[in-house]
Amino acid sequence: MQRRPDPRDPAIAPAHVAGVAEPVTVTVARDVRPDQRAAFEQWAGEVLGLASEFPGNLGTSMLRPGPGSTRYHLVYRFADGESLARWERSTERQAALTRVEHLSATADYARVAGLDSFFTAMTPPRPGPRWRLTVLTIAAVFAITLGFQLLVAPYVGSWPLPVRLLLSATVVVVLLGQVVMPRLTRWFGPWLRGR
């Protein structure tokens, strides 16, 4: 029997998350019964595949448990809270959730929205070296700033310094959070995790 979405259900994004107009990353941590790991991984592959085809999805991943652990992490990234809410209320997801209940004892949901989300999009519980994310962020900021200086700065050189700095900061932050880092963390995910 298919269950109906309950707005108080932790598996459904709350209203303040659903209204976010920035990228949202969801991490679902599930403690899987040791004798059900193969079945869970098959289920997770199917549900991540469904999510990756859903409108607004920016990427998915599964992080397997470390030694002595039974906790899997499923990571979904959506373009905005509305896209996430549509996925979390979808009949496809609801049907998938009914098939996982006997495989997993618990599920913990964490949602991060906005600029912070590109730091958590592909980060496992024990991430790779932080210096790698720092290097990637510096490279992204450098590229955006260089582009701004070459393409925009010559046209706004007569503007007051505070206005030029505000424009530059706005361009860098918006491009960094909305365009550049979501793609870089997806492309360089294995390197960021130290693999």
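Our subject is the structure listed above.
This is a predicted model, so every value here is computed, not measured.

S.K.: I tried to follow the packing of helix H6 (residues 130–151) against helix H8 (residues 161–187) on my own but got confused; where do I start?
M.R.: A pair of packed helices can be characterised by two numbers: the angle between their axes and the separation between those axes. At a minimum axis separation of 9 Å, H6 and H8 run at an interaxial angle of 130 degrees. By the angle between their axes, H6 is oblique relative to H8. As for the relative orientation of H6 and H8, their crossing is right-handed in sense. Residues Leu133, Leu136, Thr137, Ala140, Val141, Ile144, Thr145 and Phe148 of H6 touch H8, and the partners they reach there are Leu167, Ser168, Val171, Val172, Leu175, Leu176, Val180, Met181, Leu184 and Thr185. Considering only residue class, the contact of H6 with H8 consists of 14 nonpolar, four polar and no charged.

S.K.: Looking at this model, I keep getting lost on the packing of helix H2 (residues 37–53) against helix H4 (residues 91–100). Mind explaining?
M.R.: Here H2 crosses H4 at 175 degrees, and the two axes come no closer than 11 Å. When the interaxial angle is binned, H2 and H4 end up roughly antiparallel. Judged by residue contacts, Phe40, Trp43, Glu46, Val47 and Leu50 of H2 engage Glu92, Ala96, Arg99 and Val100 from H4. The residue makeup of the contact of H2 with H4, split by class, is six nonpolar, no polar and three charged.

Basis of the calculations
Residues numbered from 1 in each chain as written. Predicted model: local features only at pLDDT ≥ 70, side-chain atom pairs only at ≥ 80, totals over all residues. Heavy atoms only, no water. Axes fitted to C-alpha atoms, helices over the stretch in contact; angles between N-to-C directions. Helix = DSSP H or I, 4+ residues; strand = E, 2+ residues; numbered from the N terminus. Parallel < 35°, antiparallel > 145°, perpendicular 65-115°, else oblique. Left-handed = near helix turned anticlockwise from the far one by under 90°. Contact = heavy atoms within 4.5 Å. Nonpolar A, V, L, I, M, F, W, Y, C, P; charged D, E, K, R; others polar.

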